[in-house]
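Each chain is listed here by its residues.
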Amino acid sequence: MKDTHAEVSRPRASVAKTAAGRTRPHTDGATAQQLLLRAASELFYQEGVRAVGVDAVVERAGVNKMSLYRQFASKDELVAAYLEQADECFFGHFDKSIGMHPGQPVRQIAQYFEDLTWRASREGYRGCPFVNVAAEFADPSHPAREIVARNKARLIERLTELTTAAGADDPAELADALALLIEGVYTASQTFGPGCGPIAVAPRVAAQLVAAACAGRAGA
């Protein structure tokens, strides 16, 4: 997630006292929002949403607490902004992978799994932020869960576009199978660990699924 955050400078301005008696510069709204989102993304992703309070986000961001409530009315609103940013990052990775092989859907699918395997094998990888949030919030009507549902539905749509273009006998079924494999990579990264065998074989399993579903068109 860290690659979604732009470096921002902290302008000089008036100072406000923190609860601990320290002073912290007042930060303009746009900069405060960037700092808070970056801090929230790092902390929520690495430690979990429920485990991280707004005080920790403010401390990591280096802004005063009033700046947070000027930008986000509640923690739930901050969580929603974090997930919207994560969604943008997720499909940025997706588009980058398939963009490497225009007009070659089978190769695009393969490239996506190769890239996912690489990311899931990196130190500090904590799986899918949407899966993590879904595990923390049991109520499917919670605003955070609704964003999770939209992300996963969009993933199925994008996979179905690829499997249809690849000539699968049943594009929806192949898309579901690939989605299940993707979710398995996320889980394996946390249970078996980065670079584990189950992650390493994911690209080959994906290729086998595609080949079986696309019959003679597997080389499209």
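Preceding this section is the structure that the text describes.
These figures come from a predicted structure and were not determined experimentally.

Student: Sorry if this is basic, but what is going on with the overall build of the chain here?
Tutor: Counting secondary structure elements, the chain contains ten helices and two strands. The secondary structure elements of the chain, listed N-terminal to C-terminal, are β-β-α-α-α-α-α-α-α-α-α-α. Looking at the 220 residues of the chain, the share that counts as buried comes to 43%. Within the chain, contacts between residues at least 6 apart in sequence are counted, and of these 64% link residues at least 24 apart. Of the roughly 11,100 Å² of accessible surface on the chain, a fraction of 54% belongs to carbon and sulfur atoms.

Student: Looking at this structure, how should I read the packing of helix 4 (residues 75-98) against helix 7 (residues 143-165)?
Tutor: Two numbers describe a pair of packed helices, the interaxial angle and the distance between the axes. At their nearest, the axes of helix 4 and helix 7 sit 9 Å apart, and the two run at 10° to each other. The pairing of helix 4 with helix 7 is recorded here as roughly parallel in orientation. Residues Val79, Ala80, Leu83, Glu84, Asp87, Phe90, Phe91, Phe94, Asp95 and Ile98 of helix 4 touch helix 7, and the partners they reach there are Ala144, Ile147, Arg150, Asn151, Arg154, Leu155, Arg158, Leu159 and Leu162. By residue class, the composition of the contact of helix 4 with helix 7 is twelve nonpolar, one polar and six charged.

Student: Whenever I open this one, the pattern of salt bridges confuses me. Can you help?
Tutor: Close approach of charged atoms lets side chains of opposite charge pair. Overall, the coordinates contain eight salt bridges when judged by the stated rule. Linking Glu114 and Arg107 is a salt bridge whose minimum nitrogen-to-oxygen distance equals 3.4 Å. Classification of Arg107 by relative accessible area gives partly exposed; the value is 29%. The closest approach of N and O atoms between Glu161 and Arg158, which form a salt bridge, is 3.6 Å.

Student: In this structure, what is going on with helix 10 (residues 202-214)? I would like to understand it.
Tutor: Because the α-helix completes a turn every 3.6 residues, residues three or four places apart line up on one side. Taking 1.5 Å of rise per residue, the 13 residues of helix 10 would be expected to cover 18 Å, and the 18 Å separating its terminal C-alpha atoms lies within 8% of that figure. Burial in helix 10 covers these residues: Ala202, Ala206, Val210, Ala213 and Cys214. With its buried residues spanning 85° around the axis, helix 10 presents them on a single face. In helix 10, the exposed positions angled more than 90 degrees off the buried face are occupied by Arg204 and Ala212. Buried residues belonging to helix 10 abut helix 5 (105-120), helix 8 (171-191) and helix 9 (197-200).

Student: Could you clarify how one ought to interpret the environment of Ala56 in this entry?
Tutor: Topologically, Ala56 is positioned in helix 2 (residues 54-61). Between the C-alpha atom of Ala56 and that of Ala40, which follows or precedes it by 16 residues, the distance is 8.7 Å.

Student: Is there a simple way to think about the packing of aromatic side chains in this case?
Tutor: Remark: the centre distance and the inter-plane angle together describe each pair of aromatic rings, the angle taken between the planes. Per the counting criterion, the structure on display carries five aromatic pairs. Between Phe94 and Tyr112, the ring centres sit 5.1 Å apart and the planes meet at 45°, which makes this aromatic pair tilted. Placement of Phe94 in helix 4 and of Tyr112 in helix 5 is noted, with a sequence separation of 18 residues between them. Of the two residues examined, Phe94 and Tyr112, each falls in the buried class. Consider the rings of Tyr112 and Phe113, whose centres lie 5.9 Å apart with planes at 85°: the pair is edge-to-face. Relative accessible area serves as the criterion here: at 1%, Phe113 is assigned to the buried category. Each member of the aromatic cluster is reached from another via a ring pair, and the members are Phe90, Phe91, Phe94, Tyr112 and Phe113. One cation-aromatic arrangement involves Arg154 over Phe91; the distance from NZ or CZ to the ring centre is 3.8 Å.

So, how was this worked out
Residues numbered from 1 in each chain as written. Predicted model: local features only at pLDDT ≥ 70, side-chain atom pairs only at ≥ 80, totals over all residues. Heavy atoms only, no water. Helix = DSSP H or I, 4+ residues; strand = E, 2+ residues; numbered from the N terminus. Buried < 20%, exposed > 50% of the residue type's maximum accessible area, 1.4 Å probe, protein only. Contact = heavy atoms within 4.5 Å. Areas by Shrake-Rupley, 256 points an atom, 1.4 Å probe, with all protein chains shown as cover. Axes fitted to C-alpha atoms, helices over the stretch in contact; angles between N-to-C directions. Parallel < 35°, antiparallel > 145°, perpendicular 65-115°, else oblique. Nonpolar A, V, L, I, M, F, W, Y, C, P; charged D, E, K, R; others polar. Salt bridge = Lys/Arg side-chain N within 4 Å of Asp/Glu carboxyl O. Expected span 1.5 Å × (residues − 1). Arc of directions from axis to C-beta. Phe/Tyr/Trp six-rings, centres within 6.5 Å; stacked < 30°, edge-to-face > 60°. Lys NZ or Arg CZ within 6 Å of the ring centre and 35° of its normal.

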